[in-house]
Amino acid sequence: DQMESDASYSNLLPSLHLTYRFSEKTDLRFAYSTGLARPPYKQLVPVEFRDDDERTISRGNPDLNPTTSNNFDLMVENYSSHLGLFSVGIYYKRMTNIIVNSTVFQSLPINGGTKVYEITMPINGDDVANVYGIELALNQRLDFLNIPFFNNFSVYFNYTHTKTEMTINGRNIPLGNSPKNILNFTLMYDNPDIGLSFVIANLYRDDILTSVGADKFTDQYVKNEFHLDVSIQKRIMDKFTLSLQLNNLTDQFENEIFGDPSEDYSRVQQWARFGPYGTLSILYRL
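Residues numbered from 1 in each chain as written. Predicted model: local features only at pLDDT ≥ 70, side-chain atom pairs only at ≥ 80, totals over all residues. Heavy atoms only, no water.

### Points about a nonpolar patch on the surface
So, step 1. The grouping of Ile-236, Met-237, Leu-242, Leu-280 and Ile-282 at the surface amounts to a nonpolar patch, some 500 Å² of accessible area in total.
So, step 2. Position of Ile-282 relative to the elements: it lies in strand S20 (residues 277–284).
So, step 3. Owing to a relative accessible area of 56%, Ile-282 belongs among the exposed residues under this scheme. (Patch = residues over 30% accessible without salt bridge, like charges linked within 9 Å, V, L, I, M, F, W, Y side chains within 5 Å. Areas by Shrake-Rupley, 256 points an atom, 1.4 Å probe, with all protein chains shown as cover. Salt bridge = Lys/Arg side-chain N within 4 Å of Asp/Glu carboxyl O. Helix = DSSP H or I, 4+ residues; strand = E, 2+ residues; numbered from the N terminus. Buried < 20%, exposed > 50% of the residue type's maximum accessible area, 1.4 Å probe, protein only.)

### Digging into the environment of Gly-213
So, step 1. Along the chain, Gly-213 turns up in the loop between strand S14 (208–211) and strand S15 (220–222).
So, step 2. Relative accessible area serves as the criterion here: at 4%, Gly-213 is assigned to the buried category.
So, step 3. Between the C-alpha atoms of Gly-213 and Val-268, which are 55 residues apart in sequence, the distance is 15 Å.
So, step 4. If we skip the residues at most four places from it in the chain, Gly-213 touches Thr-103, Arg-171, Thr-218 and Asp-219. (Contact = heavy atoms within 4.5 Å.)

### Some details on the sheet that holds strand S7 (residues 99–110)
So, step 1. If you walk across this open sheet you meet the four strands as S3-S4-S8-S7, and the pairing is mixed. Edge strands, defined here as strands with exactly one partner in the open sheet, are strand S3 (48–51) and S7. Averaged over neighbouring strand pairs, the angle between their axes works out to 20 degrees when direction is ignored.
So, step 2. When S3 meets strand S4 (residues 56–59), the two strands line up antiparallel, connected through four bridges. Residue pairing in the sheet places Phe-49 in a bridge with Ser-58 of S4. (Pairing = 2+ DSSP bridges. Axes fitted to C-alpha atoms, helices over the stretch in contact; angles between N-to-C directions.)

### Things to note about the packing of aromatic side chains
So, step 1. Throughout the structure, instances matching the rule amount to 14 aromatic pairs.
So, step 2. Ring centres of Phe-149 and Phe-153 lie 5.5 Å apart, and the angle between their planes is 40 degrees; on these two criteria the pair is classed as tilted.
So, step 3. When its relative accessible area of 9% is taken as the criterion, Phe-153 is described as buried.
So, step 4. Ring centres of Phe-217 and Tyr-265 lie 5.0 Å apart, and the angle between their planes is 70 degrees; this geometry places the pair in the edge-to-face category. Here Tyr-265 lies in the loop between strand S18 (253–258) and strand S19 (267–273) and Phe-217 lies in the loop between S14 and S15, a separation of 48 residues in the sequence.
So, step 5. A relative accessible area of 27% means that Tyr-265 is categorised as partly exposed.
So, step 6. One aromatic cluster in this structure is built from Phe-149, Phe-150, Phe-153, Tyr-189 and Phe-198.
So, step 7. The cationic tip of Arg-50 hangs over the ring face of Tyr-117; the distance from NZ or CZ to the ring centre is 4.7 Å. (Phe/Tyr/Trp six-rings, centres within 6.5 Å; stacked < 30°, edge-to-face > 60°. Lys NZ or Arg CZ within 6 Å of the ring centre and 35° of its normal.)

### A word on the environment of Leu-74
So, step 1. Mapped onto the elements of the fold, Leu-74 is located in strand S5 (residues 67–79).
So, step 2. Given a relative accessible area of 38%, Leu-74 falls into the partly exposed group.
So, step 3. Sequence separation between Leu-74 and Leu-138 is 64 residues, and the spatial gap between their C-alpha atoms is 17 Å.

In short, geometric facts, not functional conclusions.
So, in structure tokens, the structure goes:
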């Protein structure tokens, strides 16, 4: 079947940025900005990909409109004398024409009978989407403690809490791919005297909505995850450096869920397990 569409649009994207300095170390920043996110070309192509073995159909949508956003950000930043930064900010985004993946299950004829197919297609949301949030960030070297053991350590911490809401087919749901909580904590060490450095990175994120179904029972989520990664570098001679990268030390499963994972009616659609993995390399500098 052929699909035809004729769409065009124009956008004006103004912005305003203001900074007030309380002191040499403390700033108050306000920003108003507008944004535009065009759909990827592959989502606009008017074609259908059908897999009769897996009973899946993926369709393009040439009538997709770009997502537009009005953004308001207010942030306080404080700089320390030890290469440190602490910031706290609040933000609000009002977004229109949010693009989400829609998944429906439909019986279709095949080989003289019928089979249930999973049909996915990108669509625009019915109404505006609202995003409210707060973000905390800390980046600090620990030499301010005046304890020799900690002089080469530094920490990075970031926490984001977001509340989102949008409407699809008359239902209020969270914004897709927008977890409620994200937490990063990283411990870093760098000692040039002995040629040793390492990074221990922790990342946690809440459940995320990945595809909108016909009802709350067929909405698709990816369950919350916690990842631990480690990177180590050691200079072993003047021109040789040994590097070790270890990933997914928590052996985190990737669970795809039908329905909100926090509700009793949710059920596992599929899961994947990749296990820890790493890379060992030797670097030589000419």
